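Each chain, letter by letter, is given below.
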Amino acid sequence: MEPVEVVVRGLNVWINGRQILYNVELRALPGRITAVMGPSGSGKSTLLRTLNRLLDLIPGARAEGVVRIGPLDALKADPYHVRRLTGMVFQEPNPFPHMTIYDNVAIGPRLHRLAQSREELDDIVEWALRAAHLWDEVKHRLDEYPHQLSGGQRQRLSLARALALRPRVLLLDEPTANIDPASTEKIEQTISQYARENQATIILVTHSPVQARRLSHQLVLLQEGRIARRGPTAELLPNSETITAPELGRRLFYGLQDIT
Amino acid sequence: MPDTRRVKERLFLALVSLLALAAIAPLFHILATLAYKGMGAIIGAGLGFFTQAPAPPGSGESGGIGPALLGTLWLGLLSGILGVPLAVLTGVFIVEYRGTPLAGLARLSASSLVEVPTILIGMLVFLLLVKPMGHYSILAGAVAVSLVMLPYTVSYVERALSQLPHTYREAGYAMGMTRAQVAYRVAMAIAGRGVAAGVLVGVSKALSETAPLLFTLGSARGAYPTSLGSLLAPGDAVPLLIFQLAQTPYENWQELAWGAGLVLTLLVLLLFTLVKLLVREVRV
Ligand SMILES: Nc1ncnc2c1ncn2[C@@H]1O[C@H](COP(=O)(O)OP(=O)(O)OP(=O)(O)O)[C@@H](O)[C@H]1O
Ligand SMILES: [Mg+2]
């Protein structure tokens, strides 16, 4: 499958007449991880939802500008085509509670007829669960339900469900907020591997400067709906072992004040 | 001081318990009487109670409620075919298309339908269906009870679906599901219990309502509706039979009414139990 680049130009978003995003510019490349950071309410989730047209679900929401996802003009195209290219993982783990672990991963490939046989489907499910570093923990309990898993496992299941469709673009909205350290590490590994091995374009919203530094190539800082800073992560978040996480955060936002 | 407070508390507790008892007592009284008299009637008549037609008034025999029971089963089935899908789809439509004018209109009309006295719904169907056809029929009765069930089932389904956390819907859309797929595979499937409860409340209404049948069903106390053609002819139903026989001075008919009341109650109870067993609760 073709690698897909995400380009955002002059994006403005309103919800119920209130402007949420102002003139956002962004370019996310295949095989690369773009981290989006910013204070609560700065519009990070709204930005992700605009990219895959989940914004359509919010009554009174409107977007203007250009969003290109590979060949698609994402704000004008059929949202189902846009969503077919993109996968999303949300802040709270949300595997479908009425489906088994297996079915949660299999539902996407089934809907989009990606498997010709039961064996092929089994292979996809195993691949996705392995990719999400969950396979070893659930391989003997695929017919159990998500409520029987821990929070971190549920989030990895949500990730596997998204990966099973082999999205060219992966949108991650604070996927490790409130997740245990072991699961967080596995999720981070999954993200890096998926970007590298599939030339996928990844946009990761995170509140953790340390996570952004570990994973991302480029960093975008949103503040009150505007892009306040943007650049290579290595420049914005110097990789010094001596800097603590709170200090990193402080540096970012001191930097912001210089600019705004 | 603390002592008077404790006395007050005790008094209050006693008062509340008494009131609660006063509220429950009539219900237990009705159920106990129903069970006692109803069982008596059914045992007295034997299995024929479920199959025979009522015996002539004042005769020593009691006969049974066969035709009415069959009529009620038809009403349940037909309302399941006519009313339930319409109500469920309306509920789904109201939730999944929330914010559109048509969904608002559907919601408004469904909730206003609750306010319409059921006897008026009977009259409406009388005007629209019975008069043009020229006679009463089981079909007209089924249309009337379907209209009565509609707002109840719609509001149950609507509530069940809108209580569903938004994040599951988003997950469905994000993976490229269509609206119909999200409604059917995600929302309805997770809220299955609530939707089933709505269907149940609706079908129980269809089985037990009397007023909408008064203008629509007609009277055919002795005829068994065994063919599809008989659905276009007048029929009988258990609640209607209870309503009419209980008012007569004939002891054998009053007994039939008690037995019929018990059968109706058990029928609804059976339905609830079945659905509880069949529809799994989804743990979120
Ligand atoms: N469905 C909605 N309806 C109305 N306003 C909304 C909606 N979603 C977001 N907003 C508004 O848009 C603004 C940005 O919200 P958004 O969720 O994008 O912020 P965020 O950066 O993701 O914050 P957080 O870090 O807390 O997740 C907020 O002011 C919020 O009130
Ligand atoms: Mg957010």
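Numbering of residues starts from 1 in every chain and runs along the sequence as written. The naming scheme follows written order: chains are lettered A onward, ligands numbered 1 onward. Given that this is a predicted model, residues contribute local features only at a pLDDT of at least 70 and side-chain atom pairs are listed and counted only at 80 or more, while totals for whole chains, interfaces and linings are drawn from all residues. Side-chain numbers come from the whole structure's heavy atoms, not from hydrogens or water.

Chemist: Sorry, what's going on with the sheet that holds strand β2 (residues 18-28) of chain A here?
Modeler: Backbone hydrogen bonds are what pair the strands of a sheet, in a parallel or an antiparallel way. Residue and element names in this part refer to chain A. Note: two strands are recorded as paired if DSSP finds a minimum of 2 bridges between them. Helix numbering and strand numbering both begin at the N terminus, where a helix is a DSSP run of H or I of at least 4 residues and a strand a DSSP run of E of at least 2. The four strands are arranged β2-β1-β4-β5 in an open sheet whose pairing can be described as antiparallel. Edge positions in the sheet fall to β2 and β5 (72-73), since each of these pairs with one other strand and no more. Here strand β1 (residues 6-15) runs beside β2; their pairing, made up of seven bridges, is antiparallel. Looking across to β2, one finds that V6 is bridged to A28.

Chemist: What am I meant to see in the confidence of the model for chain B here?
Modeler: Parts of the model with low pLDDT should not have their predicted coordinates read in detail. Summarising the model, chain B shows a mean pLDDT of 91, and 99% of its residues fall at 70 or more. In the model output, the complex is listed with pTM 0.84 alongside ipTM 0.92. On a range of 0 to 100, pLDDT expresses the predictor's confidence in each residue.

Chemist: Help me understand the packing of aromatic side chains, please; the structure alone is not making it clear to me.
Modeler: Ring pairs shown here join Phe, Tyr and Trp side chains whose ring centres sit within 6.5 Å, with only the six-membered ring taken for Trp; geometry is labelled stacked below 30 degrees between planes, edge-to-face above 60, and tilted in between. Scanning the model with the defined rule gives five aromatic pairs over all chains in all. Put simply, the rings of F126(B), Y136(B) and F215(B) touch in pairs and so form one group of aromatic residues. Charge-over-ring contacts are defined here by two conditions on Lys NZ or Arg CZ: a distance within 6 Å of the ring centre and an angle within 35 degrees of the ring normal. Its end group placed over the ring of Y80(A), R83(A) keeps NZ or CZ at 5.7 Å from the ring centre. Its end group placed over the ring of W127(A), R166(A) keeps NZ or CZ at 3.6 Å from the ring centre.

Chemist: Explanation requested: the site of ligand 1 in the structure shown.
Modeler: Residue and element names in this part refer to chain A. If even one non-hydrogen atom of a residue comes within 4 Å of a molecule or strand, that residue is called near it. As a structural note, the neighbourhood of ligand 1 is formed by 14 residues, with S40, G41, K44, S45 and T46 the closest of them. Between G41 and ligand 1, the recorded distance is 2.8 Å, taken from a backbone N or O atom to an oxygen atom. Here a polar contact is taken to be a pair of N or O atoms separated by no more than 3.5 Å, where protein atoms must pair a possible hydrogen donor with a possible acceptor and residues adjacent in sequence count only if both atoms sit in side chains. Measuring from an oxygen atom of ligand 1, one finds a side-chain N or O atom of H207 at 3.0 Å. Among the elements that take part in the shell around ligand 1, helix α1 (residues 44-51) stands out by supplying three residues, more than any other. For this scheme, ten residues count as nonpolar: Ala, Val, Leu, Ile, Met, Phe, Trp, Tyr, Cys and Pro. Four count as charged, namely Asp, Glu, Lys and Arg, and the remainder, Gly too, count as polar. Classifying every residue of the shell around ligand 1 gives four nonpolar, seven polar and three charged.

Chemist: I keep staring at the pattern of salt bridges and nothing clicks. Help me out?
Modeler: Salt-bridge detection follows one rule: a side-chain nitrogen of Lys or Arg within 4 Å of a carboxyl oxygen of Asp or Glu. Going through the model one piece at a time under the given rule, you end up with 18 salt bridges over all chains. Between D136(A) and K139(A) there is a salt bridge whose closest N-O contact spans 3.7 Å. Under the scheme applied here, a residue whose accessible area is under 20% of the maximum for its type counts as buried, over 50% as exposed, and between as partly exposed, the area being computed with a 1.4 Å probe on protein chains only. Look at D136(A) and you get exposed, because its relative accessible area is 57%. In this structure K139(A) comes out as partly exposed when scored by relative accessible area, which is 35%. With a closest N to O distance of 2.7 Å, E158(B) and R107(B) form a salt bridge. Taken as a pair, E158(B) in helix α6 (residues 138-162) and R107(B) in helix α4 (residues 101-115) lie far apart in primary sequence, 51 residues in all. If you follow the salt bridges from partner to partner, you end up with R49(A), D173(A) and E170(B) in one network.

Chemist: Would you mind going over the environment of F50(B) with me for this structure?
Modeler: Residue and element names in this part refer to chain B. Counting through the fold element by element, F50 comes out in helix α2 (residues 48-51). Assessed through its relative accessible area of 33%, F50 is described here as partly exposed. With 167 residues separating them in the primary sequence, F50 and L217 have C-alpha atoms 20 Å apart. Any two residues having at least one pair of non-hydrogen atoms within 4.5 Å are treated as being in contact. Other than its neighbours up to four places away in sequence, F50 contacts I42, G66, L69 and V263.

Chemist: Please clarify how the environment of S158(A) should be interpreted in this entry.
Modeler: All names here are of chain A. Along the chain, S158 turns up in helix α6 (residues 151-163). Accessibility expressed as a relative area gives 2% for S158, which makes it buried. Between the alpha carbons of S158 and H112 there is a distance of 18 Å; along the sequence they are 46 residues apart. When neighbours within four sequence positions are excluded, S158 is seen to be in contact with V89, P93, N94 and P95.

Chemist: Is there a simple way to explain the packing of helix α3 (residues 66-96) of chain B against helix α11 (residues 238-246) of chain B in this structure?
Modeler: The relative placement of two packed helices comes down to the angle between their axes together with the axis-to-axis distance. All names here are of chain B. Between α3 and α11, whose axes approach to 7 Å, the crossing angle comes to 140 degrees. As summarised for this structure, α3 and α11 are arranged oblique, according to the angle between their axes. Residues A68, L69 and T72 of α3 touch α11, and the partners they reach there are V238, P239 and L241. Its residues assigned to classes, the contact of α3 with α11 shows five nonpolar, one polar and no charged. Angles run from 0 to 180 degrees between N-to-C directions of axes, and those axes are lines fitted to C-alpha atoms, restricted for helices to the stretch in contact. Should an angle fall under 35 degrees it is taken as roughly parallel, and over 145 as roughly antiparallel, whereas 65 to 115 is taken as roughly perpendicular and any remaining angle as oblique.

Chemist: It is not clear to me how the interface of chain B and chain A should be interpreted in this structure. Could you clarify?
Modeler: Size of an interface: often given as the accessible area lost when the parts come together. The interface of chain B with chain A comprises 21 residues on the first partner and 24 residues on the second. Accessible area, probed at 1.4 Å, shrinks when two parts are joined; the buried area is that loss added up over both. Both faces considered, chain B and chain A share a buried interface measuring about 2100 Å² in area, 67% of it formed by carbon and sulfur atoms. On the chain B side of the contact with chain A, E170(B), A174(B) and M175(B) bury the most area, a combined 29% of that side's loss. Taken together, the connections running from chain B to chain A amount to one salt bridge. The salt bridge partner of E170(B) is R49(A), with a shortest N-O separation of 2.7 Å. For the pair chain B and chain A, the number of links is four residue pairs in polar contact (both at pLDDT 80 or more).

Chemist: Before we go on, may I ask you to explain unusual backbone geometry in this structure?
Modeler: Backbone geometry follows two general trends: most residues other than glycine have a negative phi, and most peptide bonds adopt the trans configuration. Despite not being glycine, N23(A) shows a phi value in the positive range, around 45 degrees. Along the chain, N23(A) turns up in strand β2.

Chemist: Would you take a moment to explain the side chain of D173(A) for this structure?
Modeler: Residues and elements named next belong to chain A. Its location among the elements puts D173 in strand β7 (residues 169-173). In this structure D173 comes out as buried when scored by relative accessible area, which is 3%. Polar side-chain contacts of D173 include one of 2.7 Å to the side chain of S45. If near-sequence neighbours (up to four positions away) are discounted, D173 is found in contact with S45, L48, R49, M88, V89, F90, Q91 and V205.

Chemist: Would you take a moment to explain the packing of α3(B) against α6(B) for this structure?
Modeler: Residues and elements named next belong to chain B. For the pair α3 and α6, interaxial distance at closest approach is 7 Å and the crossing angle is 35 degrees. Handedness of the crossing formed by α3 with α6: right-handed. Split into classes, the residues belonging to the contact of α3 with α6 amount to 20 nonpolar, eight polar and one charged. In this scheme the handedness of a crossing depends on how the near helix is turned from the far one: anticlockwise by less than a right angle means left-handed, clockwise means right-handed.

Chemist: Explain the nonpolar core to me, please; I cannot follow it from the model alone.
Modeler: One broad rule of soluble globular proteins: the nonpolar side chains tend to lie buried together. Take the buried Ala, Val, Leu, Ile, Met, Phe, Trp, Tyr and Cys residues and link them wherever side-chain atoms come within 4.5 Å; each set so joined is a nonpolar core. With 74 residues, the main nonpolar core has L11(A), I69(A), F96(A) and I203(A) as its most contacted residues. Residues within four places of F96(A) in sequence aside, it is in contact with N104(A), I107(A), P146(A), R161(A), Y168(B), A171(B), G172(B), M175(B), M177(B) and V186(B). In this structure, I33(A), A128(A), L129(A) and A200(A) belong to the second largest nonpolar core, which totals 35 residues.

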